[in-house]
Amino acid sequence: MALGLNFSSEGGGNYLGFVKFNAKAGRIFRRDRENGENVDTDISRTFKAIIDVENIEMGWLDFDTGGAPSMVMGHHSAPKPPRPDERHRWGARVVMKLSKELGGDLREMSSNSKSFLRGLDKLHDEYLEGVKKNPGKLPVVTLGDPIPVVTGEGAKRSTNYAPAFEISGWTKRPDDLVYTPRNAVVETDEDEQPTPRTPPSTGSTRAAAPAKAAASSDDDDWG
Amino acid sequence: MNPFEAHQLEHLSPSTCNLFISSPAMFVLEKLLKKRSPVGAAAHRGTSVEDGIVSGLLKGLPVSEAAAIANSKFAQLTALSGDPRVEKEEKSVPEMVEIGLKELSAYGPPSSTQGKIEYKIDGLAVPMIGFYDMMWEDHGILIDLKTTHALPSKISTNHARQVALYVAAKSNNLDARICYVTTKKSATYRLENIQQHVDALSRIALTIQRFLSISSDPQELAQIVVPDVDSFYFADPLARQAAFEVWGL
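The model shown is predicted, which means the values in this text are computed figures rather than measured ones.

What about the overall build of chain B?
When helices and strands are counted, chain B shows nine helices and five strands. Reading chain B from its N end, one meets helices and strands in the order α-α-α-α-α-β-β-β-α-β-β-α-α-α. Relative to its 249 residues, chain B shows a buried fraction of 52%. Sequence-distant contacts in chain B: of pairs separated by 6 or more residues, those separated by 24 or more amount to 69%.

Below, the structure is given as structure tokens:
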């Protein structure tokens, strides 16, 4: 439980593409923009990335703004910032370099879903243990079957999924994966929203066919 | 006796719920008075196109062979149809098969098709039954196919509820999508807010149960709804005549 204790905010901002973890479905998607529309590609089965676990950012996130989300983020080792308001929920953001087969670019993933944080926290614990034997390196992470997390009872019973991040190896930090403190980003997250105050949307995001299975990679495969 | 039993209804389905929402009078006519309206050419088009696309995906058929399967199915289904739209829909069938295969071929062969689901809603005396179109278990993806002449920009509410039910019954760990196919274009949208749509469908089903519990006499229930005879539900002459006979309208 090394995460979730500290925080502060820092501004700045390079735009990165997104990887989304859908806690309701337990699946992970690469989101791309094509012809002005969001296109999500399911990469759950092929997910492989170098994740900058060393620089996970924690903070307060509000995705339910009706526009760009509001985030107050900082490195996880920094003091915890004050919560802007009740709509902001504790969450995390992390940057990763996808495997060559998945595009090889830098992406960020952020969420205030408790089940996501559960999976990320476990990854962080394993990172802290593994980095002792791999100083200065970052983990190569794949995704196992998601772990169901059941909350509530009766009519309020709900199942979400925690990502089962698995460290499959260690590699030197890629040259382009440089930690830069940032603050706000633009993305939405529909996971674990509070009791709805408006009619539920049905879906207008185009979905692409799943990516084909990737071949195994080594240190030289990272785009 | 539960209110469904009194009306010889053994289950509800998303389509029955949608019918109750769209035309309570047609719900009474078809489900309670058992006066079935003929299936329209558009519905047969949907069935036929799905048949062609599924065959094409499962067997890796070229478009021409998949379209031939769909054409054959449509001819079979509409052989005795009096629907004046048969000719128009007949032309649409092979075009929709081609567009649909183009959209879905990258998914590969589905691991199951026309899968039956059953879902129990708390407080509802009968189960919800449905059949999903296609599922790819390896990818955890479920897709329902919808044919239409105008490509929507988002999933319709009725379709959202229908597919949300499949996911709730099958597995929460599914990526649910709805693929809309026209004669020219296609779009596959990811379903959002699944639990909220299931909750909505549950409320609708319970509303139907309350409606049925008013009386075990279908004629009595008919007297508390009124048909919109200009709606497409009553476009068929037989349905129109039935409405006149039941409601005098």
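Having put the structure on the table, let's press on.
Considerations on the overall build of chain A
Helix and strand counts for chain A come out as one helix and 11 strands. A total accessible area of about 10600 Å² is found for chain A, and carbon and sulfur atoms account for 51% of it.

Let's talk about the pattern of salt bridges
Counting across every chain of the model gives 20 salt bridges over all chains. Between Arg177 of chain B and Asp175 of chain B there is a salt bridge whose closest N-O contact spans 2.6 Å. Owing to a relative accessible area of 0%, Arg177 of chain B belongs among the buried residues under this scheme. Look at the salt bridges and you will find they share partners, linking Arg31 and Asp40 of chain A together with Asp175, Arg177 and Arg190 of chain B into a network.

Examining the pairing of strand β2 (residues 128–136) of chain B
All names here are of chain B. The buried fraction of β2 is high, at eight of nine residues. As paired elements, strand β1 (residues 112–119) and β2 share seven bridges and run antiparallel to each other. Looking across to β2, one finds that Ser112 is bridged to Met135. Here β2 pairs with strand β3 (residues 141–147) via three bridges, running antiparallel. Within the sheet, the bridge partner assigned to Met134 lies in β3 and is Ile143. From the end of β2 to the start of β3, which pair antiparallel, there are four residues, and Gly140 there has a positive phi angle of about 65°.

Let's talk about the nonpolar core
If you look at the biggest cluster of nonpolar residues, it comprises 51 residues, and the most contacted ones within it are Leu12, Phe27, Met128, Ile208, Phe211 and Leu212 of chain B. Take this core: its biggest share by element is seven residues, from helix α7 (residues 194–212) of chain B. With near-sequence residues (within four places) excluded, Leu12 of chain B lies in contact with Phe4, Cys17, Leu124, Val126, Pro127, Met128, Ile129, Ala205 and Ile208 of chain B. Ranked by size, the runner-up nonpolar core spans 29 residues in total, among them Phe21, Ala23, Ala92 and Phe165 of chain A.

Points about the packing of helix α2 (residues 24–32) of chain B against α7 of chain B
All names here are of chain B. Here α2 crosses α7 at 70°, and the two axes come no closer than 13 Å. When the axis of α2 is compared with that of α7, the two are roughly perpendicular. Listed contacts from α7 to Phe27, Val28 and Leu32 of α2 are Ile208, Phe211 and Leu212. Split into classes, the residues belonging to the contact of α2 with α7 amount to six nonpolar, no polar and no charged.

Topic: the side chain of Gln162 of chain B
Residue and element names in this part refer to chain B. The residue Gln162 is located in helix α6 (residues 157–170) in this model. Within the structure, Gln162 has its side chain in polar contact with the side chain of Tyr166 (distance 2.8 Å). Once residues lying within four places of it in the same chain are set aside, the contact partners of Gln162 are Pro14, Asp144 and Lys146.

Focus on α2 of chain B
The α-helix advances 3.6 residues per turn, and as a result positions three or four apart in sequence lie on the same side. All names here are of chain B. Where burial is concerned, most of α2 is hidden: eight out of the nine residues are buried. Every buried residue of α2 is accounted for by Ala25, Met26, Phe27, Val28, Leu29, Glu30, Lys31 and Leu32. One or two steps after α2, the chain reaches Lys34, where phi turns positive at roughly 60°.

Points about unusual backbone geometry
All names here are of chain B. For Lys34, which is not a glycine, the phi torsion comes out positive at approximately 60°. Among the structural elements, Lys34 can be located in the loop between α2 and α3 (41–59). Judged by relative accessible area, Lys34 falls into the partly exposed class, the value being 38%. Residue Gln114 is not a glycine yet carries a positive backbone phi of 45°. Inspection of the secondary structure puts Gln114 in strand β1. Overall, the relative accessible area of 42% leaves Gln114 in the partly exposed class.

Overview of helix α4 (residues 63–77) of chain B
All names here are of chain B. Over its 15 residues, α4 extends 21 Å from the first C-alpha to the last, a length consistent with the 21 Å expected when each residue adds 1.5 Å. Among all positions of α4, only Ala66, Ala67, Ala70 and Phe74 are buried. Viewed end-on, α4 has its buried residues packed into an arc of 95°, placing them on one side of the element. Facing away from the buried side of α4 by over 90 degrees, the exposed positions are Ser64 and Gln76.

What counts, and at which threshold
- Residues numbered from 1 in each chain as written.
- Chains lettered and ligands numbered in written order.
- Predicted model: local features only at pLDDT ≥ 70, side-chain atom pairs only at ≥ 80, totals over all residues.
- Heavy atoms only, no water.
- Helix = DSSP H or I, 4+ residues; strand = E, 2+ residues; numbered from the N terminus.
- Buried < 20%, exposed > 50% of the residue type's maximum accessible area, 1.4 Å probe, protein only.
- Contact = heavy atoms within 4.5 Å.
- Areas by Shrake-Rupley, 256 points an atom, 1.4 Å probe, with all protein chains shown as cover.
- Salt bridge = Lys/Arg side-chain N within 4 Å of Asp/Glu carboxyl O.
- Pairing = 2+ DSSP bridges.
- Core = buried A, V, L, I, M, F, W, Y, C linked by side-chain atoms within 4.5 Å.
- Axes fitted to C-alpha atoms, helices over the stretch in contact; angles between N-to-C directions.
- Parallel < 35°, antiparallel > 145°, perpendicular 65-115°, else oblique.
- Nonpolar A, V, L, I, M, F, W, Y, C, P; charged D, E, K, R; others polar.
- Polar contact = N/O pair within 3.5 Å; in protein donor to acceptor, adjacent residues only side chain to side chain.
- Expected span 1.5 Å × (residues − 1).
- Arc of directions from axis to C-beta.

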